[in-house]
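Residues per chain, in single letters:
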Amino acid sequence: MRFVLSDDQRDFASSLDSLLASSDTVSVARAWADGDSAPGLKLWSRLAEQGVNALVVPEGSGGMGASPVELAIAFELLGKHAVPGPWVESAAYLPLALGDAATVEALAEGAIGTVAAPPHVPYALDADVADRVFLAADGVLSAATAGGLTRSVDGARRLFPVTAGSTFVELVETKAEAAFDLAVLATSAQLLGLGERILADTVTYAKQRRQFGREIGSYQAIKHQLADVRIALDFARPLVQGAALVSSTRSTAESSTASTNDRARDVSAAKVACADAAYLASRTGLQVHGAIGYTQEFELSLWITKVRALVTAWGTPAFHRGRVLRSLVETDGER
Amino acid sequence: MRFVLSDDQRDFASSLDSLLASSDTVSVARAWADGDSAPGLKLWSRLAEQGVNALVVPEGSGGMGASPVELAIAFELLGKHAVPGPWVESAAYLPLALGDAATVEALAEGAIGTVAAPPHVPYALDADVADRVFLAADGVLSAATAGGLTRSVDGARRLFPVTAGSTFVELVETKAEAAFDLAVLATSAQLLGLGERILADTVTYAKQRRQFGREIGSYQAIKHQLADVRIALDFARPLVQGAALVSSTRSTAESSTASTNDRARDVSAAKVACADAAYLASRTGLQVHGAIGYTQEFELSLWITKVRALVTAWGTPAFHRGRVLRSLVETDGER
Amino acid sequence: MDLTLSESELAFQAEARAWLEANVPAEPLPSMDTEAGWAAHQAWEAKLAEARWSVVSWPHDYHGREASLIEWVIFEEEYYRAGAPGRVSQNGIFLLAPIIFDHGTQEQRDRFLPSMATGEKIWAQAWSEPEAGSDLASLKSTARRDDERGGWLLNGQKTWSSRATFAHWGFGLFRSDPEAERHNGLTYFLFPLDAEGVTVRPIAQLDGEAGFAEIFFEDVFVPDADVLGAPGDGWRVAMSTAGNERGLSLRSPGRFCAAADRLVELYKSQLTSGNPPVEPVETHADGVVDAWIKARAYRLYTWGTVTRLADGGELGAAGSVNKVFWSELDIALHETALDLLGPEAETESRWLDGYTFSLSGPIYAGTNEIQRNIVAERILGLPREPKGASR
Amino acid sequence: MDLTLSESELAFQAEARAWLEANVPAEPLPSMDTEAGWAAHQAWEAKLAEARWSVVSWPHDYHGREASLIEWVIFEEEYYRAGAPGRVSQNGIFLLAPIIFDHGTQEQRDRFLPSMATGEKIWAQAWSEPEAGSDLASLKSTARRDDERGGWLLNGQKTWSSRATFAHWGFGLFRSDPEAERHNGLTYFLFPLDAEGVTVRPIAQLDGEAGFAEIFFEDVFVPDADVLGAPGDGWRVAMSTAGNERGLSLRSPGRFCAAADRLVELYKSQLTSGNPPVEPVETHADGVVDAWIKARAYRLYTWGTVTRLADGGELGAAGSVNKVFWSELDIALHETALDLLGPEAETESRWLDGYTFSLSGPIYAGTNEIQRNIVAERILGLPREPKGASR
């Protein structure tokens, strides 16, 4: 029983954080939203060199063989820095869903993959820049063709409807479930990072901005709203970490019905809590910033719009609450 | 179009308010809760002399022939002063439900009636002091016998399970619905009065109580909570008044399907909003008062516990939300 | 107490409804924050004016119908119910015009109001400044006396000016007495946005559209004829209609009732189509019901307010009660719509646009934090906070 | 990072579970705020102590097991899961004992701790005063030096003293230096509640039970031997364990997990019985799910805290994060239970009792408003409000 990150995990987090902090990710995200993917692809390669894309790929397939805990660390930071691109698809969903070792190896090395998995994931993210585009439906994983761009509230999420091509492989149900759950976990971690970033930036702003003769952060109405965000994020984080432990590849490999049920329940609980906390952070951040937060040129808009998009990405809160409920009603509610 | 109380209605409210303010209703309610009904029965007779019990009884049956607007005014004040007794049953439900003119006349003159109307009203309130006890179920209104006392969270609400006797009359469905809706309206108005009272007392307390060198009412955290209560009550009141207008005896007499549907929808909407607003007032009032609000000897506890009881009395919030929804889905949502 | 309309009110309602049914464009106009949309919206204002629907409560001499407050609310309800276009002229007709009627000279009324009523000239407000935000009294933009030319020179910067990108004229407060502090020494100016020394810079919003602009002033000359009220009296002039009954604090209930009805329709259509939600549609029933109940409450509350105002009452701090309520209702209503849209919520839609716009509700025209202070202090009588620096 | 228990922890868990299964009374004890219930709860404490389960983290010499913090949490989880009785001794063992261990003399430890561990002597806290509330530093009750008798004379009034009605001893702060202000000049005293000059008056709560009492002091003599820490040093002594890891700010997750599991069971039973709700049980599903998710979050969060504390970390202001979260969770969980009970919600039930009790959560041990200030100032580093009188 040691429910804190290990020193190695802390080091990994801090070096990835430094790398992203020095990569002007805000400009990268803005260019991406404008259809200029070059800076984003450069960053993609750089992160691939660091092994981010290969985290959950087994060492035998050219991966890092890391656990979902490391994956959650990485995705929290991708969220914090608003890094664009189909990360959930390439680094979480596809490596687990694909049976094809060659494609997994390519993804681990930095190829870009994306996938639509209706009904929860109706569009393939950033299919225009992807090397491989898939459609997961009806028990098969098909190579797919992307349609026209559909705009998301988050300009840096470029969505594409897809149609299945003729090549497909069977999608084993247990693999599809494990892949979906890992994508949910990764999305939850991203939301956590977005929420933390919004809170940090908003606290900084509230300490500087003055109204009626004092810093707005000295007003109780502002303080208590921000305290509530801190509290919500503090209690969302352990759900992500706990779900990551339950999702560890070992237990996936065992994949007993009980452990699959636990995993589904726990990643869904994490998604619900992270979506709620990040959304609270975004609403509070916007309100504390006032009108300036409402503008595109201010960085805050990057995190705020991404939160709104990720709240419903890879399963809406209603879906995930429903999944937790079903798991509780069907079992004894042991935790 | 004049959506404010008339001068006559204002005068009625103010004279009833004065009467109740000078009747030491707090002692009356405490005695009632302790099983000493004498002061409560005295107050009951005094109010009957003023015609409160006869408000919606037609003039031909010895009543006042007043509209549900006056009824709502009276019940708001009964709530504000925490007057105990089966008022909703005697002065709202039974006069409309009963076909028997003699009983209605007796009630109008001050006889005490009570009723259980499962599933929404599983117990008969204060059956131990009632002259007539009824059970409304399965399309009949039976004379009923009360069982043992069941304690409510509000000590001044003495609940009794009942069993049907052999005498009964048919309960015409349209009458039963109109009676239920008028009971819902009366309960909503009571909740409004309770909420207003809690807010007023809490504001007074917040202006006097000092902590950390200033009145607690000068702290933004307290101010904003109380402002939210003011806002919630301000927007619950017009729903009560609007529902009272729709419930006017005239439209009940017409009783077209459309107007019955409107009435059901509108009293349910009023109950939802009043329950929410009064409950917010009670939670806020308790929090602002702190530990002292948690004690029986402090008057606040009278209103707080009564709010909790009335939130679910005559239909839970879930039931009333469901009724509004059904009305919206089945019609065009015209308002 | 009654909610029935008089015969003349019913006739007014019927006339408005018939005209709107016959004239509201079948397809929504393009966004007024684009050049094409701007022109379309201006044309719509002209059409409204021609049939005397653009400023129903104004005098007949100024394109109005001298409608009562109740009729104004009726018209607004019909307007939203008909799904008619947004009013590109709203800042002028709702915020500025009441002040010109009350504080302007006859010459100013005759010069400014007719072209405002027809939509020929669109007005933009210029209240906020980068450092001021909700604290309007801390304005820093200046007006320097120019006796020779008989006017003033404006300098400084205004921001969050809605629709200033395409508008023709602006109005706002400037500090004309550099010695005076806070609410004193401010003057209310009207100025053409193409005047020499004025620069307008659009600001892109969350949704990418330039609904707001910054306005920079560099020795912009404004003649005395374009000062509204007395010099130095600007704060009082501006605030005289801050609780304005036709302004933003008394927002037309029609807007929320129409949106709540659309929300019910969305719910019903998803109940029958089963698409695209992945959970039972009923999961979101409470949100739909609560939005509908609140929209109805807002409508009835407004009828009460209108009756009191018609009786000679004042809106006062109740405007703050109002503003907190409608702005939070607007967000909750749109959040519920996004919930109903399920996995499609993040993609472009009218609901998503409405949601993004609703987020500005608790911020503009005085943040909801300020409004709650006003409710607590002016309505509940709670004491004000200590003045002084934080620690 | 892992959540698996070590072999010794598993053994500890199994032993606790087995003992509790065998010994927890089948029927709930009567309320500890009644005379009969008090005796029953004291007897239960004796039984726990006999098997060395009353103070698992204390040294062996004082009836403990020298359990680690992790084992303490494990024990607490098992305790709540087993539905074991409330701890009548909790104020002594959780709030006072850590201070006696840290600041008491050896003589005090030996004199007070054994009878506290066995439940023979029950301790009541005496922190609040009528005028002080959340502002503990504004205490007015006094301690006057009595050099002749070698001790102090206490005067004044304390209130909101839980369980003081039947308890044997009390502990609290008194102002021993009348010149000193706020946090200075306070001394920490221990005193028998049957001492001459002490009057205890029960206070009836919302639910009619006398869980609290007022304590009046009239020249109550306390010898020097019953002063905890140095005279005048009371604030520091009391605060040294204010963020105490076993105290109220780190509330055992077992309580909320057990309650959430009971809530799920209530939901399931109503799903199958269809009784008494009048609307589909699913209407309240979100409340059940959110309570369960939050209880789980609280449990995992506590494991993280315990790991950090075991590594030598301090709880600090995180105790405030914790307290706001569990107190709000507790209310929401019970509100959902009442929703599920439908029309029966207002009648007496275990859920209604739990609900009433939960309402005190955001009030006692520092209101949630105070806790949010602490989070904002000490964790987020936001500036403090200006000092001074309101206006």
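In this text, all values refer to a predicted model and were calculated from it rather than measured experimentally. (Residues numbered from 1 in each chain as written. Chains lettered and ligands numbered in written order. Predicted model: local features only at pLDDT ≥ 70, side-chain atom pairs only at ≥ 80, totals over all residues. Heavy atoms only, no water.)

## Let's talk about the domain arrangement of chain C
Residues and elements named next belong to chain C.
Line of reasoning, step 1. Segmenting chain C into domains produces domain 1 (7-88), domain 2 (123-237) and domain 3 (249-379).
Line of reasoning, step 2. A separation of 22 Å is found between the C-alpha centroids of domain 1 and domain 3.
Line of reasoning, step 3. Counting from both sides, the interface comprises nine residues of domain 1 and, opposite them, 11 residues of domain 3.
Line of reasoning, step 4. For the pair domain 1 and domain 3, the two sides together bury roughly 910 Å², of which 77% comes from carbon and sulfur.
Line of reasoning, step 5. It is Leu69, Glu77 and Tyr80 in domain 1 that bury the most area against domain 3; as a group they hold 54% of the surface buried on that side.
Line of reasoning, step 6. The interface formed by domain 1 and domain 3 includes one salt bridge.
Line of reasoning, step 7. Glutamate 77 serves as the salt-bridge partner of arginine 299, at 2.6 Å between the closest nitrogen and oxygen.
Line of reasoning, step 8. Here domain 1 and domain 3 share one residue pair in polar contact (both at pLDDT 80 or more) between them. (Domains from an automatic or database assignment. Contact = heavy atoms within 4.5 Å. Buried area = accessible area lost by both parts, 1.4 Å probe. Salt bridge = Lys/Arg side-chain N within 4 Å of Asp/Glu carboxyl O. Polar contact = N/O pair within 3.5 Å; in protein donor to acceptor, adjacent residues only side chain to side chain.)

## Let's talk about unusual backbone geometry
Line of reasoning, step 1. Residue proline 119 of chain A follows proline 118 of chain A across a cis peptide bond; omega there is 10 degrees.
Line of reasoning, step 2. Looking at the secondary structure, you find proline 119 of chain A in the loop between β1 (113-116) and β2 (124-125).
Line of reasoning, step 3. In this structure, aspartate 24 of chain B takes a positive phi of about 45 degrees despite not being glycine.
Line of reasoning, step 4. Here the phi dihedral of arginine 52 of chain D falls at roughly 60 degrees; this positive angle occurs in a residue that is not glycine. (Helix = DSSP H or I, 4+ residues; strand = E, 2+ residues; numbered from the N terminus.)

## Considerations on the interface of chain D and chain A
Line of reasoning, step 1. Facing the 52 residues of chain D at the interface are 45 residues of chain A.
Line of reasoning, step 2. Sorting the residues of chain D by area buried against chain A places Met1, Trp292 and Leu380 of chain D first, and these three jointly supply 19% of that buried surface.
Line of reasoning, step 3. Across the contact surface, chain D and chain A share six salt bridges.
Line of reasoning, step 4. Aspartate 290 of chain D is paired through a salt bridge with arginine 321 of chain A; the nearest N and O atoms lie 2.7 Å apart.
Line of reasoning, step 5. Applying the counting criterion to the chain D and chain A interface returns 13 residue pairs in polar contact (both at pLDDT 80 or more).
Line of reasoning, step 6. Of all elements in the fold, only α3 (69-81), α7 (253-273), α8 (285-310), α9 (318-341) and α11 (368-379) of chain D reach the threshold of two or more residues within the side of chain D that touches chain A.
Line of reasoning, step 7. Counting residues per element, the side of chain D that touches chain A draws most heavily on α8 of chain D, which supplies 17 residues.
Line of reasoning, step 8. Residues of the side of chain D that touches chain A, tallied by class, amount to 29 nonpolar, six polar and 17 charged. (Nonpolar A, V, L, I, M, F, W, Y, C, P; charged D, E, K, R; others polar.)

## Overview of the pattern of salt bridges
Line of reasoning, step 1. Across all of its chains, the model carries 84 salt bridges over all chains by this definition.
Line of reasoning, step 2. Measuring nitrogen to oxygen at the nearest pair gives 2.9 Å for the salt bridge that ties aspartate 266 of chain A to arginine 265 of chain A. Residue aspartate 266 of chain A shares its accessibility class with arginine 265 of chain A, and that shared class is buried.
Line of reasoning, step 3. Across the pair aspartate 266 of chain B and arginine 296 of chain C runs a salt bridge whose closest N-O atoms are separated by 3.0 Å. Here aspartate 266 of chain B is found in helix α10 (residues 257-289), whereas its partner arginine 296 of chain C is found in helix α8 (residues 285-310) on a different chain.
Line of reasoning, step 4. A relative accessible area of 2% means that aspartate 266 of chain B is categorised as buried.
Line of reasoning, step 5. By sharing partners, the salt bridges in this structure join Glu76, Glu196, Arg230, Asp234 and Arg237 of chain A into a single network. (Buried < 20%, exposed > 50% of the residue type's maximum accessible area, 1.4 Å probe, protein only.)

## Regarding the sheet that holds strand β6 (residues 158-160) of chain A
Residue and element names in this part refer to chain A.
Line of reasoning, step 1. Here we have three strands laid out as an open sheet, ordered β2-β6-β5, and antiparallel in their pairing. Two strands lie at the open edges of the sheet, namely β2 and β5 (150-151), each paired on one side alone.
Line of reasoning, step 2. With two bridges joining them, β5 and β6 adopt antiparallel strand pairing. Residue pairing across strands places threonine 150 opposite leucine 159, the latter belonging to β6. (Pairing = 2+ DSSP bridges.)

## Overview of the environment of tryptophan 72 of chain C
Residues and elements named next belong to chain C.
Line of reasoning, step 1. Examined against the element boundaries, tryptophan 72 turns out to sit in helix α3 (residues 69-81).
Line of reasoning, step 2. A residue is classified by how much of its surface remains accessible, and tryptophan 72, at 4% relative accessible area, is buried.
Line of reasoning, step 3. As for tryptophan 72 and serine 252, which are separated by 180 residues in sequence, their C-alpha atoms are 9.0 Å apart.

## Digging into the packing of helix α8 (residues 220-246) of chain B against helix α11 (residues 368-379) of chain C
Line of reasoning, step 1. Running from N to C, α8 of chain B and α11 of chain C cross one another at 80 degrees; their axes reach a closest spacing of 8 Å. Classed by the angle they form, the pair α8 of chain B and α11 of chain C counts as roughly perpendicular. Contacts between α8 of chain B and α11 of chain C involve Gln220, Lys223, His224, Ala227, Asp228 and Arg230 of chain B from the former and Glu369, Arg372, Asn373, Val375, Ala376, Glu377 and Ile379 of chain C from the latter.
Line of reasoning, step 2. Broken down by class, the residue content of the contact of α8 of chain B with α11 of chain C amounts to four nonpolar, three polar and six charged. (Axes fitted to C-alpha atoms, helices over the stretch in contact; angles between N-to-C directions. Parallel < 35°, antiparallel > 145°, perpendicular 65-115°, else oblique.)

## Re the interface of chain D and chain B
Line of reasoning, step 1. Listed by partner, the interface residues are 46 residues for chain D and 43 residues for chain B.
Line of reasoning, step 2. Carbon and sulfur atoms supply 55% of the area buried between chain D and chain B, which totals about 3,700 Å² over both sides.
Line of reasoning, step 3. By the criterion of area lost to chain B, the three top residues of chain D are Leu206, Glu346 and Ile363 of chain D, representing 20% of everything that side buries.
Line of reasoning, step 4. Counting the contacts that link chain D with chain B gives four salt bridges.

## Some remarks on the side chain of aspartate 33 of chain D
Residue and element names in this part refer to chain D.
Line of reasoning, step 1. Looking at where aspartate 33 falls in the secondary structure, it is placed in the loop between α1 (7-23) and α2 (35-50).
Line of reasoning, step 2. Here aspartate 33 occupies a buried position and makes no salt bridge, while the nearest side chain of opposite charge, arginine 163, is found at 4.8 Å.
Line of reasoning, step 3. Apart from residues no more than four positions distant in its own chain, aspartate 33 is found in contact with Arg163, Phe166, Gln205, Glu209, Ala210 and Gly211. (Lys, Arg positive; Asp, Glu negative; His and termini not counted.)

## What to know about helix α4 (residues 90-103) of chain C
Residues and elements named next belong to chain C.
Line of reasoning, step 1. Taking 1.5 Å per residue as the helical rise, α4 with its 14 residues ought to reach 20 Å, and the 19 Å between its terminal C-alpha atoms agrees with that figure.
Line of reasoning, step 2. Along α4, the largest kink reaches about 45 degrees and is centred on leucine 96; proline proline 98 follows within four residues of it.
Line of reasoning, step 3. Of all 14 residues in α4, 10 are buried, a share of seventy percent or more.
Line of reasoning, step 4. Here α4 has its buried residues at Gln90, Asn91, Gly92, Ile93, Phe94, Leu96, Ala97, Pro98, Ile99 and Ile100. (Expected span 1.5 Å × (residues − 1). Bend = angle between axes of the 7 residues up to and from the residue.)

## Topic: the environment of alanine 26 of chain D
Line of reasoning, step 1. Within the secondary structure, alanine 26 of chain D is located in the loop between α1 and α2.
Line of reasoning, step 2. Sequence spacing of alanine 26 of chain D and alanine 40 of chain D is 14 residues, and the spatial spacing of their C-alpha atoms is 13 Å.

## With respect to the packing of α8 of chain B against α8 of chain C
Line of reasoning, step 1. Running from N to C, α8 of chain B and α8 of chain C cross one another at 80 degrees; their axes reach a closest spacing of 8 Å. In terms of orientation, α8 of chain B lies roughly perpendicular with respect to α8 of chain C. Where α8 of chain B approaches α8 of chain C, its residues Asp234, Phe235, Pro238, Leu239 and Gly242 of chain B are matched on the opposing element by Ile293, Arg296, Ala297, Tyr298, Leu300 and Tyr301 of chain C.
Line of reasoning, step 2. Residue composition of the contact of α8 of chain B with α8 of chain C, by class: eight nonpolar, one polar and two charged.

## Here we look at helix α5 (residues 106-117) of chain C
Residues and elements named next belong to chain C.
Line of reasoning, step 1. Between its first and last C-alpha, α5 extends 16 Å over 12 residues, near the 16 Å set by a 1.5 Å rise per residue.
Line of reasoning, step 2. Of all the positions in α5, only Gln108, Arg109, Phe112, Leu113, Ser115, Met116 and Ala117 are classed as buried.
Line of reasoning, step 3. Of the residues one or two after α5, glycine 119 is the one with positive phi, at around 80 degrees.

## Some points on the nonpolar core
Line of reasoning, step 1. Counting residues in each nonpolar core, the largest one holds 440 residues, and the members touching the most others are Tyr93 of chain A, Tyr93 of chain B, Tyr188 of chain C together with Tyr188 of chain D.
Line of reasoning, step 2. Apart from the residues within four sequence positions on either side, tyrosine 188 of chain D is in contact with Leu96, Ile99, Trp127, Phe171, Gly172, Leu173, Asp226, Val227, Leu228, Gly234, Val237 and Ala238 of chain D. (Core = buried A, V, L, I, M, F, W, Y, C linked by side-chain atoms within 4.5 Å.)

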